[in-house]
Amino acid sequence: MRLSNVYTVAKYMVLSSRNWIYAALGFTLMFPILWLVLLRIVGNPAYMGYFIIGTVVNTSFVIPFVATAQDISSFKRETIYSLMFANGADHWDIALGYILQLMFLSIPSVVALLVLAIFIVGESYGIIEIVLTIVVAIAISLASALLGYALGIGIRNYRVVNQVSQVVPWPLLLLAPVYYPITVLPPVLRYASLALPTTYMALAIDGSLSLNLNELLVGLAGIFVYSLASILIVRYAIVRGEVNG
């Protein structure tokens, strides 16, 4: 892996998608803005915090996973991946270059959401809370994009990748206490949710926004385990792809 190759791949990705940057930012923020306005009207401060946490997790987890899986699979289908590989970039160069540009495009959405929450619903986030949340969001995006990369490169059929990438994230968001407190879950599901990475993502985001060090560390530990698992799965997918062609 060479940093120059990673930079070249990231630059290529940004330039090739520059026409969609503003549209992507707009679509990412459209529904959160509408919900923030609606919740402002309804006036439910207890739910507001969970909505913001859930939206940050959704933005930093679902979007990198789905986008990476579908784009990498599409690159393989259209021989773009083969061209980058033939020009000296290895699998990790391509993976990290793509993920770098993806975070460059997705992290501003997280920042914009937090700033809008301050102005629309009166949340009192400071610079420290926002910076910590950005760091956590980057860690989540990195691990999720790696897992999406493994899916995109490990499965040949583009349609299968497309379908799986859209189905997998939703149980992880709905069965984990992302948009609601864990206390509303039945006891059995509470224990099951402890095995889901999204539970720890939400915990880390909540810890960063509330400056709760204990929640933040537990959440980061869970994200670290998820990241290690993603790296191992990527390595397996790369080896499997090289063996099978």
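Residues numbered from 1 in each chain as written. Predicted model: local features only at pLDDT ≥ 70, side-chain atom pairs only at ≥ 80, totals over all residues. Heavy atoms only, no water.

1. Topic: the overall build of the protein chain
Stated precisely, the cut-off is as follows: Going along the chain from the N terminus, every DSSP run of H or I of four or more residues is numbered as a helix, and every run of E of two or more is numbered as a strand. Burial classes: relative accessible area under 20% of the type maximum marks a residue as buried, over 50% as exposed, and values in between as partly exposed (1.4 Å probe, protein chains only). Contacts between residues were defined by any pair of non-hydrogen atoms, one from each residue, lying within 4.5 Å. All accessibility values rest on the Shrake-Rupley procedure with a 1.4 Å probe; residue burial counts only the protein chains present in the view.
Counting its regular elements, the protein chain contains eleven helices and zero strands. Secondary structure elements of the protein chain occur, N-terminal to C-terminal, as α-α-α-α-α-α-α-α-α-α-α. Residues counted as buried form 44% of the 245 residues belonging to the protein chain. At a minimum sequence separation of 6, the contacts of the protein chain that also span at least 24 residues come to 76%. Per element, the accessible surface of the protein chain, about 12900 Å² overall, is 70% carbon and sulfur.

2. Brief notes about the environment of Ser74
The residue Ser74 is located in helix 3 (residues 45-77) in this model. Residue Ser74 is classed as buried on the basis of its relative accessible area, which comes to 15%. The spatial distance from the C-alpha of Ser74 to the C-alpha of Gly152 is 8.2 Å, given a sequence separation of 78 residues.

3. Things to note about the confidence of the model for the protein chain
Convention followed: The score called pLDDT rates the predictor's confidence residue by residue, from a low of 0 to a high of 100.
Overall, the prediction assigns the protein chain a mean pLDDT of 78, with 76% of residues at 70 or greater. Confidence, expressed as mean pLDDT per element, reaches its minimum in the protein chain at helix 2 (residues 21-42) with 63 and its maximum at helix 10 (residues 197-210) with 91.

4. Let's talk about a nonpolar patch on the surface
Condition: Patch definition: residues above 30% relative accessible area lacking any salt bridge, with like charges linked at up to 9 Å and the nonpolar side chains Val, Leu, Ile, Met, Phe, Trp and Tyr linked at up to 5 Å. Every case where a carboxyl oxygen of Asp or Glu lies within 4 Å of a side-chain nitrogen of Lys or Arg is listed as a salt bridge.
On the surface, a nonpolar cluster with roughly 370 Å² of combined accessible area is contributed by Phe224, Val225, Leu228 and Ile231. Locating Ile231 in the fold gives a position in helix 11 (residues 213-244). Accessibility expressed as a relative area gives 34% for Ile231, which makes it partly exposed.

5. A word on unusual backbone geometry
With phi around 55 degrees, Leu211 is a residue other than glycine that occupies positive phi space. Tracing the sequence through the fold places Leu211 in the loop between helix 10 and helix 11. A residue is classified by how much of its surface remains accessible, and Leu211, at 45% relative accessible area, is partly exposed.

6. Examining the packing of helix 5 (residues 91-121) against helix 6 (residues 127-154)
Stated formally: As a rule, the C-alpha atoms of each element are fitted with a line to give its axis, helices using only the stretch in contact, and angles between N-to-C directions run from 0 to 180 degrees. Comment on the angle field: the value is read as roughly parallel under 35 degrees, roughly antiparallel over 145, roughly perpendicular from 65 to 115, and oblique elsewhere. In this scheme the handedness of a crossing depends on how the near helix is turned from the far one: anticlockwise by less than a right angle means left-handed, clockwise means right-handed. All amino acids are sorted into three groups, where Ala, Val, Leu, Ile, Met, Phe, Trp, Tyr, Cys and Pro are nonpolar, Asp, Glu, Lys and Arg are charged, and the leftover types, Gly among them, are polar.
Two elements in contact, helix 5 and helix 6, have axes whose closest approach is 8 Å; the angle formed by their N-to-C orientations is 140 degrees. Considering the angle they form, helix 5 stands oblique to helix 6. Relative to helix 6, the crossing made by helix 5 is right-handed. Each of His91, Trp92, Ala95, Ile99, Leu102, Met103, Ser106, Ile107, Val110, Val111, Leu114 and Ile118 in helix 5 lies in contact with helix 6, whose residues at this interface are Ile130, Thr133, Ile134, Ala137, Ile138, Ser141, Leu142, Ala145, Leu146, Tyr149 and Ile153. Broken down by class, the residue content of the contact of helix 5 with helix 6 amounts to 19 nonpolar, four polar and no charged.

7. A closer look at the nonpolar core
For clarity, the cut-off: Within this scheme, the nonpolar core is defined by two criteria: the residues are buried Ala, Val, Leu, Ile, Met, Phe, Trp, Tyr or Cys, and they are joined through side-chain atoms within 4.5 Å.
Residues Ile52, Val57, Phe61, Leu114 and Ile205 are the most contacted members of the largest nonpolar core, which totals 59 residues. At the level of elements, helix 3, helix 4 (80-86), helix 5, helix 6, helix 8 (169-174), helix 10 and helix 11 are the ones that each hand at least two residues to this core. Apart from the residues lying within four places of it in its own chain, the contact partners of Phe61 are Ile140, Ser144, Pro169, Leu172, Leu173, Thr198, Met201 and Tyr226.

8. Points about helix 5
For clarity, the cut-off: In a helix, the anticipated span is given by 1.5 Å times the number of residues less one. Two axes enter the definition of the bend at a residue: one is fitted to the seven residues ending there, the other to the seven starting there, and the bend is the angle between them.
Helix length check: helix 5, at 31 residues, gives a terminal C-alpha distance of 44 Å against a target of 45 Å (1.5 Å per residue), a fit within 8%. The largest bend along helix 5 measures about 25 degrees and falls at Phe104, with the proline Pro108 one to four residues further on. Gly122, located one to two residues past helix 5, shows a positive phi value of around 80 degrees.

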